[in-house]
Amino acid sequence: MNWKNNISFVLVEPKEPGNIGATARAIKNMGFTNLVLVNPASLTDEAYWMAWRSKDVIERAQIHKNLSSAIEDKALVVGTTRRRGSKRGAIVDVREGVKRIYEVAQNNSVSILFGREDKGLFNDEVEKCGFLMTIPTSELQPSLNLSQAVLIVSYELMRCEEIEDYHMERQFYVQQQELEKLYERLHEVLKNIKYIPDNPDIEERIMNNLRHLFGRTGLTFWELKMLHGLCSHIEEITNGQEVSGLKKEDLKERPRH
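Conventions adopted
Residues numbered from 1 in each chain as written. Predicted model: local features only at pLDDT ≥ 70, side-chain atom pairs only at ≥ 80, totals over all residues. Heavy atoms only, no water. Axes fitted to C-alpha atoms, helices over the stretch in contact; angles between N-to-C directions. Helix = DSSP H or I, 4+ residues; strand = E, 2+ residues; numbered from the N terminus. Parallel < 35°, antiparallel > 145°, perpendicular 65-115°, else oblique. Left-handed = near helix turned anticlockwise from the far one by under 90°. Contact = heavy atoms within 4.5 Å. Nonpolar A, V, L, I, M, F, W, Y, C, P; charged D, E, K, R; others polar. Expected span 1.5 Å × (residues − 1). Polar contact = N/O pair within 3.5 Å; in protein donor to acceptor, adjacent residues only side chain to side chain. Core = buried A, V, L, I, M, F, W, Y, C linked by side-chain atoms within 4.5 Å. Buried < 20%, exposed > 50% of the residue type's maximum accessible area, 1.4 Å probe, protein only. Phe/Tyr/Trp six-rings, centres within 6.5 Å; stacked < 30°, edge-to-face > 60°. Pairing = 2+ DSSP bridges. Salt bridge = Lys/Arg side-chain N within 4 Å of Asp/Glu carboxyl O.

A. The packing of helix α8 (residues 176-192) against helix α10 (residues 221-238), seen in detail. Taken N-terminus to C-terminus, the directions of α8 and α10 make an angle of 20 degrees; their axes are 10 Å apart at the nearest point. Judged by the angle between their axes, α8 and α10 are roughly parallel. The crossing of α8 and α10 is left-handed. Between α8, through Glu178, Leu182, Arg185, Leu186 and Val189, and α10, the contact on the second element is made entirely by Leu224, Leu227, His228, Cys231, Ser232, Ile234 and Glu235. Split by residue class, the contact of α8 with α10 holds seven nonpolar, two polar and three charged.

B. Representation of α10 within the structure. Under the 1.5 Å per step criterion, the end-to-end length of α10 is 26 Å for 18 residues, consistent within 8% with the ideal 26 Å. Elements that come into contact with the buried residues of α10 comprise α8 and α9 (200-217).

C. How the structure looks around the side chain of Arg116. Among the secondary structure elements, Arg116 is positioned in the loop between β6 (110-114) and α6 (123-126). Polar side-chain contacts of Arg116 include one of 2.7 Å to the side chain of Glu125. With residues up to four places along the chain from it excluded, the contact list for Arg116 reads Val12, Glu13, Leu121, Phe122 and Glu125.

D. Representation of the nonpolar core. Residues Ile7, Phe9 and Leu157 are the most contacted members of the largest nonpolar core, which totals 40 residues. Not counting residues within four places of it along the chain, the set of residues in contact with Ile7 comprises Phe32, Asn34, Ile101, Ala105, Val110, Ile112 and Leu157. If you look at the next biggest cluster of nonpolar residues, it comprises 18 residues, including Leu182, Leu186, Val189 and Ile196.

E. Examining the packing of aromatic side chains more closely. Applying the stated criterion across every chain yields a total of four aromatic pairs. An angle of 80 degrees between the planes, with centres 5.8 Å apart, marks the rings of Trp3 and Phe32 as edge-to-face. With Trp3 in the segment before β1 (7-12) and Phe32 in the loop between α1 (17-29) and β2 (35-38), the pair connects residues that are 29 residues apart, well separated along the chain. Its relative accessible area of 5% is what places Trp3 among the buried residues.

F. Here's a closer look at the sheet that holds strand β5 (residues 91-93). Strands sit in the order β3-β2-β1-β6-β4-β7-β5 across an open sheet of seven strands; the sheet is parallel. Sheet topology places β3 (62-64) and β5 at the edges, where each strand pairs with a single neighbour. Across the sheet, the mean angle from the axis of one strand to that of its neighbour is 30 degrees, orientation sign disregarded. Sheet analysis places strand β4 (residues 76-80) next to β6, joined by four bridges and oriented parallel. Bridging across to β6, Leu76 finds its partner in Val110. The strands touched by helix α7 (residues 146-160) within the sheet are β1, β4, β6 and β7 (131-134), with β1 carrying the most contacts at an inclination of about 165 degrees.

G. View of α7. Counted at 1.5 Å a residue, the expected span for α7 with its 15 residues is 21 Å, and the 22 Å between its end C-alpha atoms agrees. Every buried residue of α7 is listed here: Leu146, Ser147, Ala149, Val150, Val153, Ser154, Glu156, Leu157, Met158 and Cys160.

H. View of the pairing of β2. Burial of β2 is two-sided: the residues Leu35 and Leu37 facing one way and the residues Val36 and Val38 facing the other way are all buried. For β2 and β3, the ladder comprises three bridges, and the chain directions are parallel. Within β3, the residue paired with Leu37 across the bridge is Ile63.

I. Summary view of the pattern of salt bridges. A complete count under the given rule lists 14 salt bridges for this structure. Between Asp56 and Lys28 there is a salt bridge whose closest N-O contact spans 2.9 Å. Placement of the pair is Asp56 in helix α3 (residues 55-59) and Lys28 in helix α1, with a sequence separation of 28 residues. Given the relative accessible area of 26%, Asp56 is considered partly exposed. With a shortest N-O distance of 2.9 Å, Arg211 and Glu180 are connected by a salt bridge. Highlighted residues: Arg211 in helix α9 and Glu180 in helix α8, separated in sequence by 31 residues. Judged by its relative accessible area of 26%, Glu180 is partly exposed.

Function cannot be inferred from these measures alone, as they are strictly geometric.
In structure tokens, the structure reads:
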């Protein structure tokens, strides 16, 4: 399968039909065809007019009521943003970000998220992303039109294929729905051993950091099984005991042989 077929461009609540059409044209310009719309505006004639010779992309577009259903079967979810901040997780330049996407897309499904024209991606949507990409712009006018941002990302992705001597190790990664099960189990285990304190802000920060860590790198099936095995081992140690009664050596790293 062509790696481009593994990449979906996801517009989250686009408000302007024209932007939807222009986005369809932009991704087809670069050889992509998978468009996903989350709770979009109505597809008026303007959308089809702006999608000149790309009407087929709109007609095949997947439409979802919420973001979770749009990305549940993806191995990697990447967001785009203009805003920076420590709470937004890892943010990389678009040229670095597309290299990772290109690598993963050889054998896995990837979603690239683009936020609302006026508000971008909300914080809870950012938390679903392994990492974020940003496109450098001038301070005179830092804001890009939605379809312009899509065009730049899809162009940089297309260019990855043209880079000579580009070597990579191909891997298969688990989908988001499997990662969500892991996050739930990690949360329960970490609460039981008192690693997560009774502080909602710290609890949220710890879980978001874990999401960004695993989401940014992706997890192979072997790594997922290993982490579940680690959880099982901790559960065995703590089974039938009060956490406060645990011996420190029980949770120390085992010596390597």
